[in-house]
Protein chains: 2
Amino acid sequence: MIILEVIHYKTMMRDVEIEVFGGVIGLLFLVFGIWLGAKFFKKPSIDKYDADKLGLSKREIEVLELLANGYSNQEVADKLFVSLNTAKTHISNIYSKLNVKRRTQAVQKARDLALITPPKG
Amino acid sequence: MIILEVIHYKTMMRDVEIEVFGGVIGLLFLVFGIWLGAKFFKKPSIDKYDADKLGLSKREIEVLELLANGYSNQEVADKLFVSLNTAKTHISNIYSKLNVKRRTQAVQKARDLALITPPKG
DNA sequence: GACTAAATCACCCTAAAGGATGAGGAAAAA
DNA sequence: TTTTTCCTCATCCTTTAGGGTGATTTAGTC
């Protein structure tokens, strides 16, 4: 293994250099460890597969995320730079595809199916 | 620093021992890194928030649960065997106490504060 | 007993949400 | 190129949600 080879080569160095080297190696493992920790404990992103199965478009997922964050129709429209009518159309289409009748149900179903980013944490 | 002292002491060891030592040190940093990564990226476990601090009554928590399950005002009323007006009053009071303006925000906040039963698990 | 909080219900009104439908343009797929 | 999907916006209409206020009853507290 390359790293161990380098460690072996290090035996020719002076004492101060050895300590610095050890620190660098430790730092590398530390960074790698943090990366591993983040990889396995960080919240998962949206499941595009399920979204496709329900026929939800990219825009609709976007709207769904906003609904889950408590935005009103008008706020969704402002956020996406579209008219209120457009936002309402998207929302209505979402209800149809999710087979629900209200936004709270849509958000609930979206959470269950992991269609949206989970709540903060 | 203790670890660096140990690394220094290591210079008296034989080559094979050096490699093993390096692996151990790396492993320690790795574990520490994973711990760090988990600490900052893992979803924190929900501490049981004191509903009393928000002044939410038992009945209001009940209503909140129903809102989180996507019920309409009328359905909440039916579920609790009260009038629609009563349900609306409870809901309005909830909004005031949670300092929100819409039901989706109330549900969101209730989830964040673990005031209601989590969706799953 | 008086005080307080909680739960209940009512009426008024405005704002927001939702249903149905049509339609035009852009982009991708056939 | 034709078709289809998506995004966009619109109008009309109904239903639901929400804000404000006041009132009654009951249960627990001081």
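Here, every reference points to the structure presented above.
All values derive from a computational prediction rather than experimental measurement. (Residues numbered from 1 in each chain as written. Chains lettered and ligands numbered in written order. Predicted model: local features only at pLDDT ≥ 70, side-chain atom pairs only at ≥ 80, totals over all residues. Heavy atoms only, no water.)

Participant: Residue-level account of the protein's contact with DNA strand C, with values.
Facilitator: Lining the immediate environment of DNA strand C, one finds 17 residues, of which Lys88(A), Tyr95(A), Ser57(B), Ser83(B) and His90(B) sit closest. Protein-proximal atoms of DNA strand C, defined as those within 4 Å of the protein, fall in sugar or phosphate at a share of 66%. Between Ser57(B) and DNA strand C, the recorded distance is 2.3 Å, taken from a side-chain N or O atom to a phosphate oxygen. Contact distances for DNA strand C include 2.8 Å between a phosphate oxygen and a side-chain N or O atom of Arg59(B). Elements represented by at least two residues in the surface near DNA strand C include exactly α6 (84-98) of chain A together with α3 (58-68) and α5 (84-98) of chain B. (Near = heavy atom within 4 Å. Polar contact = N/O pair within 3.5 Å; in protein donor to acceptor, adjacent residues only side chain to side chain. Helix = DSSP H or I, 4+ residues; strand = E, 2+ residues; numbered from the N terminus.)

Participant: Residue-level account of the protein's contact with DNA strand D, with values.
Facilitator: The full set close to DNA strand D counts 16 residues, and Ser57(A), Ser83(A), Asn85(A), Lys88(B) and Tyr95(B) are the nearest of them. Among the atoms of DNA strand D close to the protein, meaning within 4 Å, 64% are from sugar or phosphate groups. Interatomic distance of 3.5 Å between a side-chain N/O atom of Asn85(A) and a phosphate oxygen of DNA strand D. Among the elements that make up the surface near DNA strand D, the one with the highest residue count is α6(A) (4 residues).

Participant: Pulling in residues and values, what's your account of a nonpolar patch on the surface?
Facilitator: Taken together, the side chains of Val20(A), Val24(A) and Leu28(A) define a hydrophobic patch exposed on the protein surface, amounting to about 270 Å² of accessible area. With respect to the element layout, Leu28(A) can be found in helix α2 (residues 15-41). (Patch = residues over 30% accessible without salt bridge, like charges linked within 9 Å, V, L, I, M, F, W, Y side chains within 5 Å. Areas by Shrake-Rupley, 256 points an atom, 1.4 Å probe, with all protein chains shown as cover. Salt bridge = Lys/Arg side-chain N within 4 Å of Asp/Glu carboxyl O.)

Participant: Residue-level account of helix α6 (residues 103-112) of chain B, with values.
Facilitator: Within α6(B), 7 of the 10 residues are buried, which leaves the element mostly enclosed by the surrounding structure. Those residues of α6(B) hidden inside the fold are in contact with α4 (58-68) and α7 (103-112) of chain A together with α3, α4 (73-80) and α5 of chain B. (Buried < 20%, exposed > 50% of the residue type's maximum accessible area, 1.4 Å probe, protein only. Contact = heavy atoms within 4.5 Å.)

Participant: Give me the lowdown on the packing of α4(B) against α5(B), citing residues and values where you can.
Facilitator: Residues and elements named next belong to chain B. It is at 8 Å that the axes of α4 and α5 come closest, and there the two elements cross at 110°. As the angle between them shows, α4 and α5 are arranged roughly perpendicular. Judged by residue contacts, Asn 73, Gln 74, Val 76 and Ala 77 of α4 engage Leu 84, Ala 87, Lys 88 and Ile 91 from α5. Of the residues that constitute the contact of α4 with α5, the class distribution is 5 nonpolar, 2 polar and 1 charged. (Axes fitted to C-alpha atoms, helices over the stretch in contact; angles between N-to-C directions. Parallel < 35°, antiparallel > 145°, perpendicular 65-115°, else oblique. Nonpolar A, V, L, I, M, F, W, Y, C, P; charged D, E, K, R; others polar.)

Participant: A description of the pattern of salt bridges should follow, citing residues and the corresponding values.
Facilitator: All names here are of chain B. Tallying each qualifying case throughout the model produces 6 salt bridges over all chains. For the salt bridge of Glu 62 with Arg 59, the shortest nitrogen-to-oxygen distance reads 3.2 Å. Separated by 3 residues within a single helix, Glu 62 and Arg 59 lie in helix α3, roughly one turn from each other. Relative accessible area serves as the criterion here: at 36%, Glu 62 is assigned to the partly exposed category.

Participant: Which residues make up empty space enclosed by the protein, and what values go with them?
Facilitator: Taken as a whole and assessed by the stated rule, the structure comprises 2 cavities of 30 Å³ or more. The volume enclosed by the second largest cavity comes to roughly 80 Å³. Taken together, Leu67(A), Ala68(A), Thr104(A), Val107(A), Gln108(A), Arg111(A), Ala68(B), Thr104(B), Val107(B), Gln108(B) and Arg111(B) make up the lining of the second largest cavity. Contributions of two or more residues to the lining of the second largest cavity are made by α4 and α7 of chain A together with α6 of chain B. (1 Å grid on protein atoms, 1.4 Å probe; cavity = no way out; pocket = protein on both sides within 12 Å on 5 of 7 lines; lining within 4 Å. Points joined across faces, edges and corners; volume = space filled by probe spheres on them.)

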